[in-house]
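Architecture at a glance
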Amino acid sequence: MTISHDAPKGKRLSRRRFVLGTAAASAALLPGAAFAQNALGELLQAPTRGNWDDQFDTRGSSVREVASNSPVLSENTVYSLQEAINNYVAIVQRGGWPMVPQGETLKLGMQSQAVPVLRQRLAIAGDMASSAGASPAFDTYVDAGVKRFQARHGLPADGVVSDHTYKAMNVAADLRLGQLQTNLQRLSEKLGTELGQRFVMVNIPAASIEAAENGRIVQRHTAVVGKVDRQTPILDSRITNLNLNPYWHAPASIVRKDIIPLMQKDPTYLERNAIRIFDGNGQEIPPQTIDWNTEEAVKYLFRQDPGKINAMASVKINFPNPHAVYMHDTPQQSLFSELMRFESSGCVRVQNVRDLIVWLARDVPGWDRQRIEQVIAARERQDIDLLNPVPVHFIYMTAWATDPTVVQFRDDIYHRDGSEQLAMSELTATAYAPDQQNPYARGDDGY
């Protein structure tokens, strides 16, 4: 188990006793019916709110304070998540928070009758000081509070209240409480396994990656993960090998679902994308000899040559697993700027992947940053076998807290939290839009 190194041993042990003593109690405190909304004043003054009001000013610094150097996979997160659950139990007991009326886009400088309700919503969740008042003006206090709320929910922190922000705000407090409790259970189960002092964590719903060492995050990376109908699996493994300028091998599912239909429409597709076909003896098979109106092609190996259009671009990160998934670079870097990064066929694409592979390969003699960049630039096919394999953990956490006053929520993209309202993205199980004719130019990978 990875333990936060920010606290002395005695404090960590007391935290463990606190969590064990209160984990079951929080669920038992839920009321049979919500209290009236006029308890707002009592809630905002409740001692369980801790020092939430101390964090806010009109300069938006609270957005920066949402970030943390503590890994999601840590005992500190268990403690903070349980504290957050206790706070949310109190919120639910007092009637939750109001639903913010939708109908107009709210932003700095506006006047609206929806703003006083927005202020209440932000204050109850701890995103804005309760002393900021009930004015209908969308002032700098509201702007800072909205940005903090957006940052906690994985939304662009632009201070504009529109569709995605409304959806996240108007999830009822009792649903958020249940989400926290579900994820505490997930986290507790994961921490029952050996994480390693140095590890990589992929959080699928957050589409994000943490590289952690000695209880601290040393790198963060944006990720692209599996579509709803081609989900990235939960797994634990060890990163053993890096391929520079790798070949890409199409799994049978990609051949069946994508390559065969594409070849039926365009017989030059494989040639244009530098994909070659081999039989079990390593002999190359001309595409013209295959009957593309059948599934004959599934029995062959499809391999894309290294190059700038290769689905994995510069590097593939390997770890043994029964799902045949891996992490890799992509030629389609623009996908990392998307809000909903659920576009792959199960594998995980990594933004700024070269920073990560330099960290992974640091113990291998002769493979420093300069050498890795030289090999990639030369398009040379090279492998790096790690002397000290690095544990990797794919997890599914839609809610967590590394600080009890900063509760993070993400879209329940794979519908595993028990409520459709928590799966807010409205993504459907459609593949390869908008470029149906050339999915590999978009970096599609998969298992």
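It should be noted that the structure appears before, not after, this text.
Let me begin by describing the structure that accompanies this report. (Residues numbered from 1 in each chain as written. Predicted model: local features only at pLDDT ≥ 70, side-chain atom pairs only at ≥ 80, totals over all residues. Heavy atoms only, no water.)

Let's shift gears to helix α6 (residues 140-152). With 13 residues, α6 extends 18 Å from end C-alpha to end C-alpha; this agrees with the ideal 18 Å at 1.5 Å per step. Buried residues dominate α6, accounting for 10 of its 13 residues. Every buried residue of α6 is accounted for by Val142, Asp143, Ala144, Gly145, Val146, Arg148, Phe149, Gln150, Ala151 and Arg152. Remark: Gly154 follows α6 within two positions and exhibits a positive phi of approximately 70 degrees. (Helix = DSSP H or I, 4+ residues; strand = E, 2+ residues; numbered from the N terminus. Expected span 1.5 Å × (residues − 1). Buried < 20%, exposed > 50% of the residue type's maximum accessible area, 1.4 Å probe, protein only.)

Below, the discussion takes up the sheet that holds strand β5 (residues 248-250). Pairing within the open sheet is antiparallel, and its three strands lie in the order β5-β7-β6. Among the strands making up the open sheet, the edge pair consists of β5 and β6 (275-278). Within the sheet, the average angular offset between the axes of one strand and its neighbour, ignoring direction, is 30 degrees. In the sheet, β5 pairs with strand β7 (residues 301-304) via three bridges, with the strands oriented antiparallel. What sits directly across from Trp248, in β7, is Gln304. Its contacts with the sheet place helix α9 (residues 252-265) against β5 and β7, and it is angled at close to 70 degrees to β5. (Pairing = 2+ DSSP bridges. Axes fitted to C-alpha atoms, helices over the stretch in contact; angles between N-to-C directions. Contact = heavy atoms within 4.5 Å.)

In this section: the pattern of salt bridges. Scanning all chains against the criterion turns up 17 salt bridges. Across the pair Arg256 and Glu295 runs a salt bridge, and its minimum N-O distance is 3.3 Å. Of the two residues, Arg256 sits in helix α9 while Glu295 sits in the loop between β6 and β7, which places them 39 residues apart along the sequence. For Arg256, a relative accessible area of 37% gives the class partly exposed. Members of the salt-bridge network, linked through shared partners, are Arg354, Asp355, Arg369 and Glu373. (Salt bridge = Lys/Arg side-chain N within 4 Å of Asp/Glu carboxyl O.)

A separate point is the packing of aromatic side chains. Within the structure shown, the criterion is met by five aromatic pairs. Arranged with centres 5.9 Å apart and planes meeting at 90 degrees, the rings of Tyr88 and Trp97 form a pair that is edge-to-face. We classify Trp97 as buried; its relative accessible area is 5%. Ring pairs connect the aromatic residues Tyr88, Trp97 and Phe409, which therefore count as one cluster. For the cation-ring pair, Arg176 lies above Phe409, with the distance from its terminal atom to the ring centre recorded as 4.5 Å. (Phe/Tyr/Trp six-rings, centres within 6.5 Å; stacked < 30°, edge-to-face > 60°. Lys NZ or Arg CZ within 6 Å of the ring centre and 35° of its normal.)

So, on to the packing of helix α5 (residues 115-124) against α6. For the pair α5 and α6, the least separation of the axes is 10 Å and the interaxial angle reads 50 degrees. Between α5 and α6, the interaxial angle falls into the category oblique. Handedness of the α5/α6 crossing: left-handed. Taken together, the residues of α6 that come into contact with α5 (itself represented by Val115, Leu118, Arg119, Arg121 and Leu122) are Val142, Gly145, Val146 and Phe149. (Parallel < 35°, antiparallel > 145°, perpendicular 65-115°, else oblique. Left-handed = near helix turned anticlockwise from the far one by under 90°.)

Within the secondary structure, Arg121 is located in helix α5. Look at Arg121: it is buried, it has no salt bridge, and the nearest opposite charge is Asp127 at 5.2 Å. Discounting chain neighbours no more than four positions away, the residues touching Arg121 are Trp97, Pro98, Val100, Phe149, Ala168 and Met169. (Lys, Arg positive; Asp, Glu negative; His and termini not counted.)

A few words now on unusual backbone geometry. Most peptide bonds are trans, and most residues other than glycine sit at a negative phi. One non-glycine residue with positive phi stands out, namely Ala324, at about 60 degrees. Position of Ala324 among the secondary structure elements: in the loop between β8 (315-318) and β9 (327-328). Among the residues examined, Ala324 registers a relative accessible area of 51% and is labelled exposed. Positive phi, close to 55 degrees, is recorded for Asn352, a residue that is not glycine. Assignment of secondary structure puts Asn352 in the loop between β11 (348-350) and α11 (353-360).

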